[in-house]
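Coordinates in review
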Amino acid sequence: MMSSNAPITVIVEPTPLEAGVRVASEIAALVRAKPTCVLGLATGGTPVECYRELVRLHREEGLDFSQVTTFNLDEYVRLAGSHPQSFRYFMQQHLFDHINIPSDATHVPSGIAEDMSLEAIRYEQDITRHGGIDLQLLGIGHNGHIAFNEPGTPRDSRTRIVSLTDATVKANSRFFESESEVPRTAISMGIGTILEAKRILMLATGEGKRDAVKCAVEGEISETCPASFLQEHHDVTFVIDAAAA
Ligand code: PGA
């Protein structure tokens, strides 16, 4: 799994909507083929269309999530799941509240656990207990981060508490009233955790992601661009729109 024996596959769709629908169809195909699959999920502006399409497939085509388990990549520290900017809240709003997945089958790291280090260990153990992640959906930051693994993150990192860079705080401030409200720390799966997923789908759209996509797919594998470590995985597909290509 660690060998770079397969180059990253890149699929270019004309628009962000079509890219999102394409990723949703890949996820749906897995759910149909393996109803008990374990999905790794992501938050942010990018996956919204993908989740909208999954909800449509559930409602209109009966896509059945009743046996699916999910693990999200990350969560802000100190935001409860009821906070509108928490990633738990995002997932409920955009996906979980609209499909037939049992609530105890959806996992998002807790940002308000009494002992955050223990929460990180427990999260890793949960993933292992469920047999690992079959398909991990990822987004990418302008600085090449995946989840909250910012530049400088080692390849063997695991779920842990991380500090966000100023650039990430700034990028995410669009979801908050002001930049000062954006939490500066988060709990995030590590790069090592992500690379253990059996298959990885990266969704990236918009001109602003072009450089990050290029460094991830073609750049030197290095901590400078955390997404470049994806080149070491045997089954990674990037689905991007024309603007990000
Ligand atoms: P975005 O975030 O989808 O909101 O652009 C992606 C990321 O930072 O990983």
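In short, a report on the structure. (Residues numbered from 1 in each chain as written. Predicted model: local features only at pLDDT ≥ 70, side-chain atom pairs only at ≥ 80, totals over all residues. Heavy atoms only, no water.)

1. Side note on the overall build of the protein
- The secondary structure content of the protein amounts to seven helices and 10 strands.
- Taken over the C-alpha trace, the protein has a radius of gyration of 17 Å; the compact-globule value for 245 residues is 18 Å, and the two agree within 12%.
- On the principal axes, the C-alpha backbone points of the protein span a range of 45 × 40 × 35 Å.
- Taking all 245 residues of the protein together, 52% fall into the buried category.
- Residue pairs at least 24 apart in sequence account for 79% of intrachain contacts in the protein once pairs closer than 6 positions are excluded.
- Entry remark: accessible area of the protein is about 10,600 Å², with carbon and sulfur atoms responsible for 51%. (Helix = DSSP H or I, 4+ residues; strand = E, 2+ residues; numbered from the N terminus. Rg over C-alpha atoms; globule rule 2.2 N^0.38 Å. Buried < 20%, exposed > 50% of the residue type's maximum accessible area, 1.4 Å probe, protein only. Contact = heavy atoms within 4.5 Å. Areas by Shrake-Rupley, 256 points an atom, 1.4 Å probe, with all protein chains shown as cover.)

2. Looking at the site of the ligand
- Looking at the ligand, the residues that line it are G44, G45, T46, G139, I140, G141, H145, R174 and K209.
- Between an oxygen atom of the ligand and a side-chain N or O atom of R174, the distance comes to 2.9 Å.
- Relative to its free-state accessible area of 280 Å², the ligand is covered by the protein chains to the extent of 84%.
- Class assignment for the residues of the shell around the ligand results in one nonpolar, six polar and two charged. (Near = heavy atom within 4 Å. Polar contact = N/O pair within 3.5 Å; in protein donor to acceptor, adjacent residues only side chain to side chain. Nonpolar A, V, L, I, M, F, W, Y, C, P; charged D, E, K, R; others polar.)

3. Quick notes on the pairing of strand β9 (residues 199-204)
- Counting buried residues along β9, five of its six residues qualify, which places the element largely inside the surrounding structure.
- Alignment of β9 against strand β10 (residues 236-241), held across five bridges, turns out to be parallel. When the sheet's bridge partners are listed, M202 is paired in β10 with F238.
- Handedness of the crossover is the feature at issue here: the chain leaves β9, passes through helix α7 (residues 210-218), returns alongside β10, and the resulting connection is right-handed. (Pairing = 2+ DSSP bridges. Right-handed = clockwise from strand over helix to strand, strands pointing away.)

4. Things to note about the sheet that holds strand β7 (residues 160-163)
- What the three strands build is an open sheet, ordered β4-β8-β7; its pairing is antiparallel. Both edges of this open sheet fall to β4 (74-76) and β7, since each of them pairs with a single strand only. The mean inter-strand angle of the sheet, taken between neighbouring strand axes irrespective of direction, is 30 degrees.
- Looking at chain direction, β4 and strand β8 (residues 185-188) are connected through three bridges and run antiparallel. Bridge assignment links E75 to a residue of β8, and that residue is I187. (Axes fitted to C-alpha atoms, helices over the stretch in contact; angles between N-to-C directions.)

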